[in-house]
Amino acid sequence: MAEVILKDISKIYDNNKIVVNKVNLEIKGNEFVVIVGPSGCGKTTTLRMIAGLEEISEGELYINGKLVNDVPPKDRDIAMVFQNYALYPHMNVFENMAFGLRIRKFSEEEIKKRVSEAAKLLEIDQLLYRFPKQLSGGQRQRVAMGRAIVRNPAVFLFDEPLSNLDAKLRTQMRSELARLHKRIGATTIYVTHDQVEAMTLADKIVIMNNGFVQQIGPPLEIYNRPKNIFVAGFIGSPTMNFIDCKFKKEGERTFLKGENWSFELPSVYEPENSDVILGIRPENLFPVDPSSAIFRGTLEIREVLGSELYLYVNCGTFTICLRQEASHRFETGETIYLNFKPETIRLFNKGSGLRVNKKEEEKK
Amino acid sequence: MKIIRKTKLFLAQIITHIFLILFSIVTIYPVLWVFKMALSDSQNFRVSLNPVPESISFTNFSEVIFAKNMAGQYIFFYQLFNSVAVSFITTLLGVLLATTAAYAFSRFKFPLRRAGLMAFLVTQMFPGTMMMIPLYIIMDKLGLLNHLMGLALVYSTTSIPFCVWTLKGYFDTIPKELEESAMIDGAGRLKIFVKIILPLARPAIAVTALFSFMTAWNEFILAATFMNKETSYTLPVMLQHFVGAHNTEWGHFAAGAIIVALPVVILFYFLQKNLVSGLTAGSVKG
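Not measured: the values here are computed from a predicted model.

Student: What am I meant to see in the overall build of chain B here?
Tutor: Helix and strand content of chain B: twelve helices and zero strands. Listed N to C, the secondary structure of chain B is α-α-α-α-α-α-α-α-α-α-α-α in terms of helices and strands. Scaling as 2.2 N^0.38, a compact globule of 286 residues should have a C-alpha radius of gyration of about 19 Å, whereas chain B reaches 24 Å, well beyond that. With respect to the principal axes defined by its C-alpha atoms, chain B has extents near 80 × 70 × 30 Å. The burial tally for chain B puts 38% of its 286 residues in the buried class. In chain B, the proportion of contacts linking residues at least 24 apart, taken out of those at least 6 apart, comes to 68%.

Student: Would you explain the interface of chain A and chain B in this entry?
Tutor: Quoted interface sizes are often the accessible area lost when the parts come together. Contacts between chain A and chain B engage 22 residues on the former and 16 residues on the latter. Interface area lost by chain A to chain B is led by Tyr88, His90 and Ile103 of chain A, which between them contribute 28%. Our count for the chain A to chain B interface comes out at two salt bridges. Elements supplying a minimum of two residues to the side of chain A that touches chain B: helix 1 (43-51), strand 6 (78-81) and helix 2 (93-103) of chain A.

Student: Where do I start with the sheet that holds strand 21 (residues 355-356) of chain A in this structure?
Tutor: Backbone hydrogen bonds are what pair the strands of a sheet, in a parallel or an antiparallel way. Residues and elements named next belong to chain A. In spatial order, the strands read 13-12-11-14-20-21; together these six strands make up an open sheet with antiparallel pairing. Both outer strands of the open sheet, strand 13 (262-264) and strand 21, are each paired with one neighbouring strand and no more. Where strand 11 (residues 241-250) meets strand 14 (residues 275-280), six bridges bridge the pair, whose relative direction is antiparallel. Within strand 14, the residue paired with Cys245 across the bridge is Val276.

Student: What's the story with the side chain of Thr187 of chain A in this structure? I'm lost.
Tutor: Residue and element names in this part refer to chain A. Within the secondary structure, Thr187 is located in strand 8 (residues 187-192). Among the polar contacts made by the side chain of Thr187, one reaches the main-chain carbonyl oxygen of Ala2 at a distance of 2.7 Å. Looking at Thr187, its side chain comes within polar contact range of the main-chain nitrogen of Asn30, at 3.1 Å.

Student: Can you walk me through the packing of aromatic side chains in this structure?
Tutor: How two aromatic rings sit relative to each other is set out by the distance from centre to centre and by the angle between their planes. Residues and elements named next belong to chain A. Evaluated as defined, the whole model comprises 28 aromatic pairs over all chains. When the centroid spacing of 5.6 Å and the interplanar angle of 20 degrees are considered together, the rings of Phe230 and Phe234 count as stacked. In this pair, Phe230 and Phe234 both sit in helix 8 (residues 229-234), four residues apart, roughly one turn of the helix. For Phe230, a relative accessible area of 22% translates into the label partly exposed. A ring pair is formed by Phe295 and Phe318, whose centres lie 5.6 Å apart and whose planes are at 80 degrees; its orientation type is edge-to-face. In this pair, Phe295 sits in strand 16 (residues 295-304) while Phe318 sits in the loop between strand 17 (308-314) and strand 18 (319-325), placing the two residues 23 residues apart along the sequence. We classify Phe318 as buried; its relative accessible area is 12%. A connected cluster of aromatic rings, assembled from ring pairs, spans Trp261, Phe263, Phe295, Phe318 and Phe340.

Student: I'm lost on the nonpolar core in this one. Help?
Tutor: Taken as a class, soluble globular proteins show a tendency for nonpolar side chains to be buried jointly. Residues Val4, Val155, Leu157 and Ile189 of chain A together with Ile196 of chain B are the most contacted members of the largest nonpolar core, which totals 63 residues. Looking at which element gives the most residues to this core, the answer is helix 6 (residues 148-173) of chain B, with six residues. Within the second largest apolar cluster, 46 residues are counted, among which are Tyr85, Leu135, Met145 and Ala186 of chain A.

Student: Would you mind going over the sheet that holds strand 18 of chain A with me for this structure?
Tutor: All names here are of chain A. Overall, antiparallel pairing links the five strands, which are arranged 15-19-16-17-18 in an open sheet. Since the sheet does not close on itself, it has two edges, and those belong to strand 15 (285-287) and strand 18, each with one partner. Across this sheet, the average inter-strand angle for adjacent strands is 45 degrees, counted without regard to direction.

Student: What is the right way to read the side chain of His252 of chain B from this model?
Tutor: Residue and element names in this part refer to chain B. Among the secondary structure elements, His252 is positioned in helix 12 (residues 250-279). Look at His252 and you get buried, because its relative accessible area is 11%. A polar contact of 2.6 Å, which involves the side chain of His252, links it to the side chain of Glu249.

Student: Whenever I open this one, unusual backbone geometry confuses me. Can you help?
Tutor: Most of the time, phi is negative for any residue but glycine, and the peptide bond is trans. Residues and elements named next belong to chain A. With an omega dihedral of -5 degrees, the bond running from Ser237 to Pro238 counts as a cis peptide bond. With respect to the helices and strands, Pro238 occurs in the loop between helix 8 and strand 11. In this model, Asp8 sits at a positive phi of 50 degrees, which is unusual for a non-glycine residue. The residue Asp8 is located in strand 1 (residues 4-12) in this model.

Student: Any chance you could explain the pattern of salt bridges here in plain terms?
Tutor: When charged atoms on two side chains of opposite charge get close, those side chains can pair. Inspection of every chain in the model, using the stated rule, returns 18 salt bridges over all chains. A salt bridge links Lys350 of chain A to Asp244 of chain A; the shortest N-O distance between them is 3.3 Å. In this pair, Lys350 of chain A is assigned in the loop between strand 20 (346-349) and strand 21 and Asp244 of chain A in strand 11, connecting sequence segments 106 residues apart. Exposure remark for Lys350 of chain A: the relative accessible area of 42% places this residue in the partly exposed category. The closest approach of N and O atoms between Lys246 of chain A and Asp275 of chain A, which form a salt bridge, is 2.5 Å. Placement of Lys246 of chain A in strand 11 and of Asp275 of chain A in strand 14 is noted, with a sequence separation of 29 residues between them. Residues joined by salt bridges that share partners form a network here, namely Arg48 and Glu54 of chain A together with Glu180 of chain B.

Student: Explain the domain arrangement of chain B here, please?
Tutor: Residue and element names in this part refer to chain B. By the assigned domains, chain B splits into domain 1 (2-57) and domain 2 (68-282). Domain 1 puts eight residues into the contact, and the matching count from domain 2 is eight residues. The junction of domain 1 with domain 2 conceals about 660 Å² of combined surface from both sides, 73% of it contributed by carbon and sulfur atoms. The largest contributions to the domain 1 side of the interface with domain 2 come from Met37, Ala38 and Gln43, which together make up 64% of the buried area. Counting the contacts that link domain 1 with domain 2 gives zero salt bridges. Here domain 1 is connected to domain 2 by zero residue pairs in polar contact (both at pLDDT 80 or more). Here the residues of the side of domain 1 that touches domain 2 are counted per class, giving five nonpolar, three polar and no charged.

Student: Which parts of the structure should I look at to understand the confidence of the model for chain B?
Tutor: Parts of the model with low pLDDT should not have their predicted coordinates read in detail. All names here are of chain B. In the predicted model, chain B carries a mean pLDDT of 87, and 95% of its residues have values of at least 70. Per-residue pLDDT, averaged within each element of chain B, yields its smallest value for helix 12 (83) and its largest for helix 3 (residues 75-107) (94). This stretch, residues 281-286, has a pLDDT under 50; its non-local contacts, to residues over four places away or in other chains, come to three contacts. We note a pTM of 0.83 for the whole complex and an ipTM of 0.84 for its interfaces.

So, how was this worked out
- Residues numbered from 1 in each chain as written.
- Chains lettered and ligands numbered in written order.
- Predicted model: local features only at pLDDT ≥ 70, side-chain atom pairs only at ≥ 80, totals over all residues.
- Heavy atoms only, no water.
- Helix = DSSP H or I, 4+ residues; strand = E, 2+ residues; numbered from the N terminus.
- Rg over C-alpha atoms; globule rule 2.2 N^0.38 Å.
- Buried < 20%, exposed > 50% of the residue type's maximum accessible area, 1.4 Å probe, protein only.
- Contact = heavy atoms within 4.5 Å.
- Buried area = accessible area lost by both parts, 1.4 Å probe.
- Salt bridge = Lys/Arg side-chain N within 4 Å of Asp/Glu carboxyl O.
- Pairing = 2+ DSSP bridges.
- Polar contact = N/O pair within 3.5 Å; in protein donor to acceptor, adjacent residues only side chain to side chain.
- Phe/Tyr/Trp six-rings, centres within 6.5 Å; stacked < 30°, edge-to-face > 60°.
- Core = buried A, V, L, I, M, F, W, Y, C linked by side-chain atoms within 4.5 Å.
- Axes fitted to C-alpha atoms, helices over the stretch in contact; angles between N-to-C directions.
- Domains from an automatic or database assignment.
- Nonpolar A, V, L, I, M, F, W, Y, C, P; charged D, E, K, R; others polar.
- pLDDT = per-residue confidence, 0-100.

Here it is, written out as structure tokens:
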């Protein structure tokens, strides 16, 4: 039940380049935290600082209440699974899993017991005497996880563990990881650039960009109430539509106005100034009769995914993506009229990129 | 169409093979000649195109092996021991120092790291004879002239730079994550080096060991300069003594050359598998 606390953790390189900027994070025991962000956002560096593989330039790191800034990796009671698995090529699966235990001077009996238990759990007990090069990608991934599990560490660290696998295997391993975490229940910190992994695995998501934490929260909260335009755009596939517009007040009523469209806001918003960005997720848009349309445009691209359909509609100054059931029949070049559910829109300040809260939301 | 393509392919193969056979003959011919001379019972240099021995006699070999000096000592065995000892010490020193140095160059950041590597490279650009005089003076001052240890030291210093570069290149290809993983598993630097890096670098170590061994085994000039007693000669120096000012004992020379070459051939044979994977190391990620 280890807790991990990051207090103002920063990583500054010799050339004064700040790659991680004052990250604050509290991870409770048994929590599955996913750090997600585009490449170069500092997520892996953050993980490596927690592991002790990278020095912490500023800030404090606590594992189980103990300050571990200067504690070497081996004494932090952690285990890490690397992106390229990092299995020892000259040792068979058993020896790979036993390596850490041997160094820690466990008895041969205990080593055998732990390795076979972990192997059973991961269904690799048939492979114990094979060498890494004789294993498939998925099997190697399991061995790497087995090597972490046998040590029974307080904290599991995963560095993009599924990104070397093909799409099908990735989905399979993802659900297995979730099952494993339920079973073992150790504190887990997982780094990925894949938002689907983040959404499906995490108890808590940490979104990073340019070294800064953008938002921390449970997956649905992040999805429904993104703090800023970056988070809104990063989570969700296809990505949220962003439309530049003006915020206008006419008496008690407020409107959003674009070049050739206008929409009356159903709730009270108070943006920083009149330049705002309207955000609508593709699933919240739908085609309507010309009379009740807010946007109109020409269908440019049609992507068929089998169960669903992505339509890209050119509305002049902007393009809108909407998600529809595959049964809808649209042809490219066709004019399409669109509307959306008013309560599903998100409004962002154009300058700061922060989301504009509804009045009643603020009170909460 | 198919037939034309097949004949073309066939012709190409024939031409390739003609070239290969030709160059093989060019390579093997002188060696056959040495065999012919060694197996003859005379010391003459007979000019004949035929490389097949006319007679087979092992007298040249036995005369080389069982030659005695004035004091009645079997000097060949002294010299054999010298060569073996010097080569082994050189290899041992070379591999030991080169692996550790190369690991440091590959993994650690320290001041003058690049300069150090460059310095190693630069020393390789000077011919060994150039360093003979300063080395002689140093060896003399240290009292290491006529000492096997002194010779081994000199050989090590010349072979280590090459070994460091080769090994560093190989260590660079070993993923850093392996070490980080071992670090988290609880291993210290030394343990990582011994348990992870060294076993993985076996092909490269085999290459550098062979190189060190051959440097020492075949070296002549320094050995001839620093060793001035018959019993402290190494085998290449012994060989040279068959070539006199007035006459040359070609039969002894050829037999001696074969005897000297034999250990290297045997070593090559056993290390060849490692050698090939060592030389191409790093080209493809395993």
